Amino acid sequence: ITRVDFSLSDAVQETAEEFLPVAQTQEKTFSIEVEPGLTYCGDERSLRRLVSLLLDNAVKYSGEQGKIWVGLQKQGRNLRLTVKNTAENIAEGDLSRLFERFYRGDASRNSQTGGHGIGLSVAKAITEAHKGKISAYGSEGTLTVTVIL
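Residues numbered from 1 in each chain as written. Predicted model: local features only at pLDDT ≥ 70, side-chain atom pairs only at ≥ 80, totals over all residues. Heavy atoms only, no water.

(A) Spatial organisation of the overall build of the protein. Looking only at helices and strands, the protein has six helices and seven strands in total. A total of 149 residues make up the protein; the buried ones form 42% of that total. Partitioning the intrachain contacts of the protein with sequence separation of at least 6 by distance along the chain shows that 69% fall at a separation of at least 24. For the protein, the exposed surface amounts to about 8300 Å²; the carbon and sulfur share of it is 47%. (Helix = DSSP H or I, 4+ residues; strand = E, 2+ residues; numbered from the N terminus. Buried < 20%, exposed > 50% of the residue type's maximum accessible area, 1.4 Å probe, protein only. Contact = heavy atoms within 4.5 Å. Areas by Shrake-Rupley, 256 points an atom, 1.4 Å probe, with all protein chains shown as cover.)

(B) Quick look at the side chain of Ser 62. Structurally, Ser 62 can be placed in the loop between α3 (44-61) and β4 (67-75). Classification of Ser 62 by relative accessible area gives buried; the value is 5%.

(C) Representation of the packing of aromatic side chains in the model. The final tally for this structure, using the stated rule, is zero aromatic pairs. A cation over a ring is seen here: Lys 84 above Trp 69, with NZ or CZ 5.3 Å from the ring centre. (Phe/Tyr/Trp six-rings, centres within 6.5 Å; stacked < 30°, edge-to-face > 60°. Lys NZ or Arg CZ within 6 Å of the ring centre and 35° of its normal.)

(D) Region of the structure containing the sheet that holds strand β6 (residues 133-139). With respect to topology, five strands assemble into an open sheet ordered β2-β4-β5-β7-β6, the strand pairing being mixed. Both outer strands of the open sheet, β2 (29-34) and β6, are each paired with one neighbouring strand and no more. For this sheet the average axis-to-axis angle between neighbouring strands, irrespective of direction, equals 15°. Helix-sheet contacts for helix α1 (residues 8-17) involve β2, β4 and β5 (78-86), and the interaxial angle to β2 is about 170°. Across the sheet, α3 lies against β2, β4, β5, β6 and β7 (142-148), angled at about 20° from β5, the strand it touches most. (Pairing = 2+ DSSP bridges. Axes fitted to C-alpha atoms, helices over the stretch in contact; angles between N-to-C directions.)

(E) Quick peek at the pattern of salt bridges. Under the defined criterion, the tally for this structure stands at four salt bridges. Residue Glu 14 pairs with Arg 48 through a salt bridge whose shortest N-O separation is 2.7 Å. Separated by 34 residues along the polypeptide, Glu 14 in helix α1 and Arg 48 in helix α3 bring together distant segments of the chain. Arg 48 gets classed as partly exposed once you look at its relative accessible area, which sits at 22%. If you follow the salt bridges from partner to partner, you end up with Glu 14, Glu 44 and Arg 48 in one network. (Salt bridge = Lys/Arg side-chain N within 4 Å of Asp/Glu carboxyl O.)

(F) The nonpolar core, seen in detail. The biggest cluster of nonpolar side chains holds 35 residues, and the ones touching the most others in it are Leu 8, Leu 54, Leu 55 and Leu 81. Elements with a contribution of two residues or more to this core: α1, β2, α3, β4, β5, α6 (119-129), β6 and β7. Broken down by element, this core gets its largest block of residues, eight residues, from α3. Setting aside chain neighbours within four positions, we find Leu 8 in contact with Leu 38, Thr 39, Tyr 40, Leu 47, Leu 72, Leu 79 and Leu 149. (Core = buried A, V, L, I, M, F, W, Y, C linked by side-chain atoms within 4.5 Å.)

Okay, structure coming up:
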């Protein structure tokens, strides 16, 4: 990857705004909370792709009239990117598998949601290429994916 200093705040904000029309068309609530002025030394193009992959997944699986939230905050020396969406409860064991290639939590919905089941594995690869960590947590009808850079 090519590392340069860039505004991660702007990259996350701009990428997230691209998903607003899709979410509105599907009558979903979409919230963006990006702390301004956060810069990062990394590959801007691949990090924009990371945000896009996480939001694409959130829009697909948030259900009818679902809720999606994306945020970027400084956390100590790190930056924390979070994408939350309403989702059917996911078994704890399934959360660790979300980042595996071709894994689908609900195989019966494959034809409804489209895609190929590799988005979150690519998100993991981008995160790891930046020496970051990605994790998923599910509770009370919400899936939260967190990336620490």
